[in-house]
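Descriptive structure summary
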Amino acid sequence: MIIDASEGSLKSFLKTLPQVDEVGVHARAAMLGTRSIKTTSKAWAIDMAISMMDLTTLEGADTPGKVRAICAKAVRPDATDLSIPSVGAVCVYNDMVGVARRTLDQIGGSSIPVAAVATAFPSGRASYAVKAQDTMDAINAGAAEIDMVIDRGAFLSGRYGEVFAEIVKIKELCGDKAHLKVILETGELVTLDNVRKASYLAMLAGADFIKTSTGKVVPAASAPVVYVMLEAVRDYYSMTQTRIGVKPAGGIRTTKDAIKQLVLVNEVAGPEWLSPRLFRIGASALLNDLLLQRMKMRDGYYASPAYVTLD
Amino acid sequence: MIAVPANRIDVLKTYKLFIGGAFPRSESGRVYSIKDSKGNHLANPSLASRKDLRDAVVAARGAFAGWSAATAYNRGQILYRMAELLEGRSAQLVAELMALEGSTKKLATDQVKESVDLLVWYAGWSDKISTIAGSTNPVSGPYYNFSTPEPIGVVAIFADAKPSLLNFVGAVAGVCVSGNTAVVIAAEPFPLPAITFAEIMATSDLPAGVINVLTGSSSELAPWTASHMDIDAIDASGLTPKQLKEAQIAGAANLKRIRVHTDAKTPERILNYMETKTVWHPIGI
């Protein structure tokens, strides 16, 4: 056990974390982003990225129809090509979990988990009772993954214990019914040092995954942020022999973006993380671009967005 | 007193591509040598690759929704603005045309003037084309039935050679006045006026991505253009008969409309890149 239950021990542990070399991280993340991935490696990376996707719709305008449509796409991303893998999960607001679960079960997607955003997503500004109810609603409706947001207000004011305790309680609610992904909302954490601290805090509190962003705040899954989080899970593994997953979300729209993420995973955390079990990409528009790139590689000529679904 | 030293170093122009409103070099880093009419080296424009073409098509597709939804009046004004700026840049274009095409000053000046007038002529068509080419149709039923021409989408243009500026301007104006967006591959031996004209487009309120200009080898780019599923039509005026044939075969996959023009000034250059949409509207409901 790295820390005991007291806020003091948590604070003193977080203090021992080394400072992030911001300039170095930016430079190395940018350098890794220039790596060229071609032909068979690219084809492999595209299919891996598809199988790692949390296909997401988190709009106020979401309807059951739209959720059913993305479920269909999650199971079979392109109906004309059966060699394309299914995505990693479908991610929706908690009132849509039931629709998503039932649809997936009906169309042969029972192995695809439904992820629900919870704890007053995206701001996290609500009482604990509300957050707990939010989480329970999602689990009861069939969510197998809970994407909770941390209380950034408490974190930024230094009330780490509060943030920690909340994650612990939500984790208890999840029990063995649901995986817990903890959203740090790095766009609001200001510094990479805070990203490192929040990553450790979430892992110590029992997160199965740490996730960059809600997708509602810019900047979201920038390369330096993902780099720092991947370092955190790597170092946490060497301390505890437990592998925690990472999920970048927000702003990953093109195949190039996705492949850059995979390069980071391989180079920073290691090849063990190149699996949907330990790395997910939260996105919606990305899937179409991956499909277009796949078509280009298959057909030998450039594809058109007119041949993939509008969503 | 301003004194210019006798040994002043020349400041030469870098001819780059025009994609999405910016002037990048080719992603491939390649250039090719352009010679003047006497065979002396003149410039090193970019030798665009298939990936530059891909980027240009993405930019053109992205600009299509906004440009085709702009009012005809607005599109006409922007074309007219391009004519104004072309007039102001005459001297530079005259010099480039004299060097490249080997024409006399008089001929080059006339070509620029004619290009300005051609732009004004196409600008005028913007709010008239649907009136001329559209119709209300008599039908035997309780419907109003009318047909109206709409822009086809993203058009690739292989600009014809001499007179290079006039051909370039005519092709671009004809395609874009109706709301299409374009990727233009300048005539291989005459890319300089095209890039100078791109600088005019970049400063004439034309939204980024509506017109994109590539310089390079048409034999390298034609097959990728013809097979590209997100290009809706090709103005193949600058292709050889063999390239045209190959483009027609490869372009069949997405029923690309492929046309060749000999005339710079004709409404055909507009109408060939429009599709007719017919609407049936019930009467009495």
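Please read these numbers as outputs of a predicted model, since none were measured by experiment.

With that settled, the discussion passes to the overall build of chain B. A tally of regular secondary structure across chain B gives 10 helices and 10 strands. The C-alpha radius of gyration computed for chain B amounts to 20 Å, which stays within 12% of the reference 19 Å derived for 285 residues, consistent with globular compactness. Counting only C-alpha atoms, chain B reaches 80 × 45 × 30 Å along its principal axes. Across the 285 residues of chain B, 50% fall into the buried class. Taking all contacts inside chain B whose residues are at least 6 apart in sequence as the whole, residues at least 24 apart take part in 76%.

Right, let's get into the side chain of aspartate 62 of chain A. Relative to the helices and strands, aspartate 62 of chain A is located in the loop between strand 1 (53-56) and helix 4 (64-75). Here the side chain of aspartate 62 of chain A touches glutamate 59 of chain A through a polar contact of 3.1 Å, landing on its backbone nitrogen.

With that out of the way, let us pick up the environment of lysine 38 of chain A. Locating lysine 38 of chain A in the fold gives a position in the loop between helix 2 (22-33) and helix 3 (39-51). C-alpha separation for the pair lysine 38 of chain A and alanine 61 of chain A, spaced 23 residues apart in sequence, amounts to 39 Å.

Residue and element names in this part refer to chain A. In this structure, serine 9 sits in helix 1 (residues 7-16). Accessibility expressed as a relative area gives 17% for serine 9, which makes it buried. Every residue in contact with serine 9, bar those within four places of it in the chain, is listed here: Ile3 and Asp4.

With that out of the way, let us pick up helix 4 (residues 105-125) of chain B. Residue and element names in this part refer to chain B. Between its terminal C-alpha atoms helix 4 stretches 31 Å, which fits the 30 Å expected from 21 residues at 1.5 Å a residue. Every buried residue of helix 4 is listed here: Ala108, Gln111, Val112, Ser115, Val116, Leu118, Leu119, Tyr122, Ala123 and Trp125. Considering only its buried residues, helix 4 is in contact with helix 2 (72-88), helix 3 (90-101), helix 5 (129-133), helix 6 (164-176), helix 7 (192-202) and helix 10 (268-271).

Next up on the list: the pattern of salt bridges. Residues and elements named next belong to chain A. Counted by the stated rule, this structure contains 35 salt bridges over all chains. A salt bridge links aspartate 54 to arginine 280, with the shortest nitrogen-to-oxygen separation between them at 2.8 Å. Of this pair, aspartate 54 sits in strand 1 while arginine 280 sits in the loop between helix 11 (255-269) and strand 8 (281-283), and the two are 226 residues apart along the sequence. Accessibility classification places aspartate 54 together with arginine 280 in one group, the buried group. Measuring nitrogen to oxygen at the nearest pair gives 3.1 Å for the salt bridge that ties aspartate 81 to arginine 298. Taken together, the residues span a long stretch of sequence, with aspartate 81 in the loop between helix 4 and strand 2 (89-93) and arginine 298 in helix 12 (residues 285-299) at a distance of 217 residues.

Below, the discussion takes up the packing of helix 8 (residues 160-174) of chain A against helix 9 (residues 192-205) of chain A. All names here are of chain A. Between helix 8 and helix 9, the least distance of the axes is 8 Å, while the angle of their chain directions is 40 degrees. The orientation of helix 8 with respect to helix 9, classified from their angle, is oblique. Relative to helix 9, the crossing made by helix 8 is right-handed. For the pair helix 8 and helix 9, contact is made by Tyr160, Val163, Phe164, Ile167, Val168 and Lys171 and by Lys197, Leu201, Ala202, Leu204 and Ala205, respectively. For the contact of helix 8 with helix 9, the residue count by class is nine nonpolar, no polar and two charged.

This next bit is on the interface of chain B and chain A. Residue-level contacts link nine residues of chain B with 10 residues of chain A. Summing the contributions of chain B and of chain A, the shared interface buries around 900 Å²; its carbon and sulfur component is 57%. The largest share of the area that chain B buries against chain A comes from Arg54, Trp224 and Met229 of chain B, three residues that together contribute 48% of it. Across the contact surface, chain B and chain A share zero salt bridges. Remark: the boundary between chain B and chain A carries three residue pairs in polar contact (both at pLDDT 80 or more). Of all the elements in the fold, those that place two or more residues in the side of chain B that touches chain A are helix 1 (50-69) and helix 8 (218-227) of chain B. Among the elements that make up the side of chain B that touches chain A, the one with the highest residue count is helix 1 of chain B (three residues).

Bringing the nonpolar core into the picture now. In this structure, Ile146, Ile167, Val182, Leu201 and Leu230 of chain A are the most contacted members of the largest nonpolar core, which totals 100 residues. Once residues within four sequence positions are removed from consideration, isoleucine 167 of chain A is found in contact with Met148, Ile150, Leu180, Val182, Leu201, Ala202 and Ala205 of chain A. Leu79, Val172, Val177 and Ile270 of chain B belong to the second-largest nonpolar core, a separate cluster that totals 61 residues.

For the rest of this paragraph, the subject is the sheet that holds strand 10 (residues 274-282) of chain B. Residues and elements named next belong to chain B. The antiparallel open sheet is built from three strands, whose spatial order is 3-4-10. Pairing within the sheet leaves two strands with one partner each, and these edge strands are strand 3 (135-136) and strand 10. Taken together, the two bridges between strand 3 and strand 4 (residues 143-151) define a ladder with antiparallel strand orientation. Looking at the pairing, serine 135 lines up with serine 147 of strand 4.

Residues and elements named next belong to chain A. Here strand 4 (residues 145-149) lies mainly inside the structure; five of its five residues are buried. Residue alternation in strand 4 divides its side chains into two sets, Glu145, Asp147 and Val149 and Ile146 and Met148, and both sets are buried. Bridge count between strand 3 (residues 114-118) and strand 4: four bridges; the pairing is parallel. Each residue of the ladder has a partner; that of alanine 115, found in strand 4, is glutamate 145. Where strand 4 lies against strand 5 (residues 179-183), five bridges are found, and the strand directions are parallel. Along strand 5, the bridge assignment pairs isoleucine 146 with leucine 180.

This part covers the sheet that holds strand 6 (residues 181-185) of chain B. All names here are of chain B. Read from one edge to the other, the open sheet built from five strands follows the order 7-6-5-8-9, with strand pairing classed as parallel. Looking along the sheet, the strands with just one partner apiece sit at the ends: strand 7 (211-214) and strand 9 (257-259). On average, each strand axis in the sheet is inclined to that of its neighbour by 15 degrees, with strand direction left out of account. Sheet strands in contact with helix 8 are strand 5 (154-158), strand 6, strand 7 and strand 8 (233-235), and its direction is about 155 degrees off that of strand 5.

To continue, consider the packing of aromatic side chains. Considering all chains together, one arrives at 10 aromatic pairs over all chains under this definition. Pairing tyrosine 143 of chain B with tryptophan 280 of chain B gives two aromatic rings, centres 5.6 Å apart and planes at 85 degrees, and the pair type is edge-to-face. Remark: tryptophan 280 of chain B occurs in strand 10 and tyrosine 143 of chain B occurs in strand 4; sequence separation between them is 137 residues. Note on tryptophan 280 of chain B: relative accessible area 52%, which makes it exposed. Counting every residue linked through ring pairs, the aromatic cluster contains Trp121, Tyr122 and Trp125 of chain B. Of note, arginine 243 of chain A hangs over the ring of tyrosine 237 of chain A, and the distance from its end group to the ring centre comes to 4.1 Å. We note arginine 50 of chain B situated over the ring of tryptophan 224 of chain B; from NZ or CZ to the ring centre the distance is 4.9 Å.

To continue, consider the pairing of strand 5 of chain B. Sheet faces and side chains relate simply in a regular strand, where the side chains alternate between the two faces. All names here are of chain B. For strand 5, a buried count of five out of five residues is recorded, marking the element as mostly surrounded by other parts of the structure. Taking every second residue as pointing to the same face, both faces of strand 5 are buried, with Val154, Ala156 and Phe158 on one and Val155 and Ile157 on the other. Pairing of strand 5 with strand 6 involves five bridges; the strand directions are parallel. Counterpart to alanine 156 in the pairing with strand 6 is valine 183. Taken together, strand 5, helix 6 and strand 6 form a β-α-β motif whose crossover is right-handed. Pairing geometry for strand 5 and strand 8, over three bridges, is parallel. Within strand 8, the residue paired with alanine 156 across the bridge is isoleucine 234.

What counts and what doesn't
Residues numbered from 1 in each chain as written. Chains lettered and ligands numbered in written order. Predicted model: local features only at pLDDT ≥ 70, side-chain atom pairs only at ≥ 80, totals over all residues. Heavy atoms only, no water. Helix = DSSP H or I, 4+ residues; strand = E, 2+ residues; numbered from the N terminus. Rg over C-alpha atoms; globule rule 2.2 N^0.38 Å. Buried < 20%, exposed > 50% of the residue type's maximum accessible area, 1.4 Å probe, protein only. Contact = heavy atoms within 4.5 Å. Polar contact = N/O pair within 3.5 Å; in protein donor to acceptor, adjacent residues only side chain to side chain. Expected span 1.5 Å × (residues − 1). Salt bridge = Lys/Arg side-chain N within 4 Å of Asp/Glu carboxyl O. Axes fitted to C-alpha atoms, helices over the stretch in contact; angles between N-to-C directions. Parallel < 35°, antiparallel > 145°, perpendicular 65-115°, else oblique. Left-handed = near helix turned anticlockwise from the far one by under 90°. Nonpolar A, V, L, I, M, F, W, Y, C, P; charged D, E, K, R; others polar. Buried area = accessible area lost by both parts, 1.4 Å probe. Core = buried A, V, L, I, M, F, W, Y, C linked by side-chain atoms within 4.5 Å. Pairing = 2+ DSSP bridges. Phe/Tyr/Trp six-rings, centres within 6.5 Å; stacked < 30°, edge-to-face > 60°. Lys NZ or Arg CZ within 6 Å of the ring centre and 35° of its normal. Right-handed = clockwise from strand over helix to strand, strands pointing away.

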